[in-house]
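An overview of the molecular structure
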Amino acid sequence: MVAVAILAAGRGTRMKSDLPKVLHCIGGKTLVERVLGSCETVSPTRRLVIVGYQGDRLRAALTPYGDLEFVEQAQQLGTGHAIQQLLTPLGDFADDLLVLNGDVPLLRPETIADLLATHRRHDNSATLLTAQLADPKGYGRVFCDLDNRVEKIIEDRDCTPAQRENTRINAGIYCFNWPQLAAVLPQLSNDNDQQEYYLTDVFGMLDRVMAVDVGDLAEITGINDRRQLAIAADLLQTRIKDHWMRSGVTLINPDSITIDDTVTLAPDVIIEPQTHLRGNTTIATGCHIGPGSLIENSTLGENVTVLYSVISDSTVAAQTRIGPYAHLRGHATVGEACRIGNFVELKKTQLGTKTNVSHLSYLGDATVGDRVNIGAGTITANYDGVNKHQTIIGNGSKTGSNSVLVAPLTLGEGVTIAAGSTVTENVGDDALVIARARQVVKPGWRLTPPEA
Ligand code: UD1
Ligand code: MG
């Protein structure tokens, strides 16, 4: 049995933000959610989140994680003080407690599992993750004896110049035997530069404390300011993109591409520069995306091409070509082998198969059949100023250039709308509709210019 506690009460002053630090995002997820994700493999029986600064905002952000226990740290008097708040809720819990800093988001689940296994194998009082950093500035320094037993941790700001030379740092990730930790927690003092109660002071009080160096330094990147936030986001991107390239995805100029770790890509997808894939997005084999595209929460079938376009909350079936400059604004469902061209916007619209909307159109709240050709500049006038209305267009119909379809409107199958028509009444199958003023020509008429 293991319990997990996440330190998330601090404001994160160095972020210079109104938002609590652990609610800042990298790769589409908050820092605290990433920390929660990193301890999934050890299947904790209890998950406690220590909240304080804007605690309500944190609770609200974490509502999808139903079984979390929030522990209030009303005043943020240091990481040791934060863990002291667990004395009541954890009480006589008899097993191990994993303590994770809420601002260390890139830990791999296997690293946490290994830390816990080492801790148990050696029957330690505490086991902590450490690393040798070329630039250890800002981190607590870890002092060990020759057997790798931790003697003490001294915060950067409390170090003497000689102590600061030590490059072994504390990653802020710990495993404790809870009863042993609980026994020493009340003895912490705030006799240090920040006048805070440091959790790190318990290591001098516990018997068997072991430090374990982490293999990949990227994992323990802590975030205290916006620069570190950007560094962590880049490290995460490298990790995600390496994974997809190893899985058979071509990324052209990967540095200019961003991919959330919630995205799924099939082999033989090609992603061109300046393309961003976000949220719950799935892209099937043979798709060619970009350059210059943004796709979020969308599903693309096989061999879809997307060029300089934005697709949100939508589904696109196989063989369809999108762009350049198309906008699937939300809840668009596009069938197979369709063509969505330049300056076309779709919203809450379904298209059947082999339907083309090639130029300069807006289709909103529309259901369009198969093999329909929507002429350049066709607009569904779906909004009467109060309510939105539906437009239905049957299979094989064609709208002429610059048609306005005033909803609610139903056009049957095989309907042809003449260019420039404003259609306000339903039309049955197989009809030609001309709804525009007849052209007037006056022969022999010429404007006489005024006398100079
Ligand atoms: C801490 C460690 C340091 C380590 C570093 C790794 C201490 C004293 N120092 O320093 O040795 O190298 O992490 O990243 O622990 N928090 C609370 N309540 C508080 C104060 C902080 O919940 O009263 C939370 C913060 O929200 C944050 C975490 O604890 O998630 C760490 O706090 P932070 O101020 O960032 O500590 P560091 O200075 O980074
Ligand atoms: Mg920190």
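A brief look at the structure comes next. (Residues numbered from 1 in each chain as written. Chains lettered and ligands numbered in written order. Predicted model: local features only at pLDDT ≥ 70, side-chain atom pairs only at ≥ 80, totals over all residues. Heavy atoms only, no water.)

1. Considerations on the overall build of the protein
Counted only if it meets this: The numbering of helices and of strands both runs from the N terminus, where a helix is a DSSP run of H or I of at least 4 residues and a strand a run of E of at least 2. In this analysis, two residues are considered to be in contact whenever any of their non-hydrogen atoms come within 4.5 Å of each other. Under the convention used here, Asp and Glu are negative, Lys and Arg are positive, and both His and the chain ends fall outside the count. Working definition for charges: the position is that of NZ of Lys, CZ of Arg, CG of Asp or CD of Glu.
Across its full length, the protein holds eight helices and 38 strands. Viewed in the frame of its principal axes, the protein has a C-alpha envelope of about 105 × 60 × 45 Å. Considering only contacts in the protein between residues 6 or more positions apart, those separated by 24 or more positions represent 40%. Distance between charge centroids for the protein: 7 Å, based on 40 positive and 51 negative side chains.

2. A look at the layout of surface pockets
Note the following rule: A 1.4 Å probe that fits but cannot get out identifies a cavity on a 1 Å grid over protein atoms alone, an open set with protein on both sides within 12 Å along at least five of seven lines counts as a pocket, and a residue lines either if it has an atom within 4 Å of a point. Grid points are joined across faces, edges and corners, and a volume is the space filled by probe spheres set on the points. Residue polarity is assigned by list, with Asp, Glu, Lys and Arg as charged and Ala, Val, Leu, Ile, Met, Phe, Trp, Tyr, Cys and Pro as nonpolar; anything else, Gly included, falls into the polar class.
Reported here for the largest pocket is a volume of approximately 1600 Å³. Along the wall of the largest pocket there are 48 residues; nearest its centre are Arg14, Lys21, Asp103, Gly138 and Asn224. Of all elements in the fold, only helix H3 (79-84), strand S10 (168-177) and helix H8 (226-246) reach the threshold of two or more residues within the lining of the largest pocket. Taken together, the residues of the lining of the largest pocket break down into 17 nonpolar, 19 polar and twelve charged. As a volume, the second largest pocket reaches approximately 360 Å³. Breaking the lining of the second largest pocket down by element, the ones donating at least two residues are helix H1 (31-38) and H8. When residues of the lining of the second largest pocket are assigned to their parent elements, the largest contribution, five residues, is made by H8.

3. Remarks on the coordination of the magnesium ion (ligand 2)
This is how the line gets drawn: Note that water is not among the atoms considered, so a metal site may appear incomplete; the donors listed are N, O and S atoms within 2.8 Å of the metal, with 3.2 Å applied to Na, K and Ca. Relative accessibility under 20% of the residue-type maximum defines a buried residue, over 50% an exposed one, and the middle range a partly exposed one, all with a 1.4 Å probe and only protein chains included.
Asp103 (OD) and Asn224 (OD1) make up the full set of protein donors to the magnesium ion (ligand 2), lying at 2.3 to 2.4 Å. Residue Asp103 is found in the loop between strand S6 (96-101) and helix H5 (109-121), and its partner Asn224 is found in the loop between strand S11 (209-213) and H8; the two are separated by 121 residues along the sequence. Of the two residues examined, Asp103 and Asn224, each falls in the buried class.

4. With respect to the packing of aromatic side chains
The description of an aromatic ring pair rests on the distance of the ring centres and on the angle between the ring planes. Note the threshold: Classification of ring pairs uses Phe, Tyr and Trp, with its six-membered ring standing for Trp, and accepts pairs whose centres are within 6.5 Å; under 30 degrees between planes counts as stacked, over 60 as edge-to-face, and the remaining range as tilted. Put simply, a charge is over a ring when the Lys NZ or the Arg CZ is close to the ring centre, within 6 Å, and near the line of the ring normal, within 35 degrees.
Considering all chains together, one arrives at five aromatic pairs under this definition. Site record: aromatic cluster; members linked through ring pairs are Tyr174, Phe176 and Phe203. Directly above the ring of Phe143 sits Lys152, whose terminal nitrogen or CZ lies 5.8 Å from the centroid. The residue whose ring lies beneath Lys388 is Tyr383, and the NZ or CZ to ring-centre distance is 5.2 Å.

5. Comments concerning the pattern of salt bridges
Heads up, the rule is: The working definition used for a salt bridge is a side-chain nitrogen of Lys or Arg within 4 Å of a carboxyl oxygen of Asp or Glu.
With the rule as written, the count across this model stands at 18 salt bridges. Between Arg120 and Asp96 there is a salt bridge, with its nearest N and O atoms 2.8 Å apart. Placement of the pair is Arg120 in helix H5 and Asp96 in strand S6, with a sequence separation of 24 residues. Given the relative accessible area of 7%, Asp96 is considered buried. Asp156 is paired through a salt bridge with Arg164; the nearest N and O atoms lie 3.7 Å apart. The class for Asp156 is buried, based on a relative accessible area of 16%. Salt bridges sharing common partners tie together Lys29, Arg34 and Asp261.

6. A closer look at unusual backbone geometry
Geometrically, the link from Gly323 to Pro324 is a cis peptide bond, its omega value of 0 degrees lying close to zero. Tracing the chain through its elements places Pro324 in the loop between strand S24 (321-322) and strand S25 (327-334). That bond from Ala407 to Pro408 is cis: its omega, 0 degrees, falls within 30 degrees of zero. One non-glycine residue with positive phi stands out, namely Asp313, at about 45 degrees. Within the fold, Asp313 resides in the loop between strand S22 (310-312) and strand S23 (315-316). Despite not being glycine, Phe343 has its phi angle at roughly 50 degrees, a positive value.

7. Quick notes on the site of ligand 1
As a reminder, the rule being used: Whether a residue is near a molecule or strand depends on its heavy atoms: it is near if one of them lies within 4 Å of it. As used in this structure description, the phrase polar contact means that two N or O atoms lie within 3.5 Å; if the pair is within protein, one of them must be able to donate a hydrogen and the other to accept it, and residues adjacent in sequence are counted only when both atoms belong to side chains. Being in a pocket or cavity means that more than half of the molecule's atoms lie within 2 Å of its grid points.
Neighbouring ligand 1 are 23 residues, the closest being Leu7, Gln73, Thr79, Glu155 and Asn170. Between ligand 1 and the protein, one listed contact pairs an oxygen atom with a backbone N or O atom of Gly10 at 2.9 Å. At a separation of 3.4 Å, an oxygen atom of ligand 1 approaches a polar backbone atom of Gly102. Using a 2 Å cut-off from the grid points, one finds that ligand 1 occupies the largest pocket. For the shell around ligand 1, the per-class residue count stands at eight nonpolar, eleven polar and four charged.

8. As for the sheet that holds strand S28 (residues 356-359)
Heads up, the condition is: The pairing criterion for strands is at least two bridges between them, as found by DSSP.
Strand order in the open sheet made by the eleven strands is S12-S15-S18-S21-S24-S26-S28-S30-S33-S36-S38, with parallel pairing throughout. Strands at the two margins of the open sheet, each flanked by one partner only, are strand S12 (250-251) and strand S38 (432-433).

9. Quick word on the state of the cysteines
Our working rule: Note on terminology: disulfide denotes any pair of cysteine sulfur atoms within 2.5 Å.
Under the defined criterion, the tally for this structure stands at zero disulfides. Here Cys25 is not disulfide-linked; the sulfur of Cys39 is the nearest cysteine sulfur, at 18 Å. In this structure Cys144 is a free cysteine whose sulfur lies 13 Å from that of Cys159, the closest cysteine sulfur available.

10. Notes on the pairing of strand S27 (residues 345-351)
Remember that side chains alternate between the two faces of the sheet whenever the strand is regular. Across six bridges, S25 lies against S27 in parallel orientation. Bridge pairing links His327 to Glu345 in S27. Of the strand pairs in this sheet, S27 and strand S29 (residues 362-368) are connected by six bridges, and their pairing is parallel. Among the inter-strand pairings, Leu351 is bridged to a residue of S29, identified as Val368.

11. Some points on the side chain of Ser298
As for its position among the elements, Ser298 is in the loop between strand S19 (294-296) and strand S20 (299-300). On the basis of relative accessibility, which here comes to 0%, the residue Ser298 falls in the buried class. Within the local environment of Ser298, its side chain forms a polar contact with the backbone oxygen of Glu296, the two atoms lying 2.8 Å apart. Those residues in contact with Ser298 that lie beyond four places of it in its chain are Asn280, Thr281, Thr282, Ile311, Ser312, Asp313 and Ser314.

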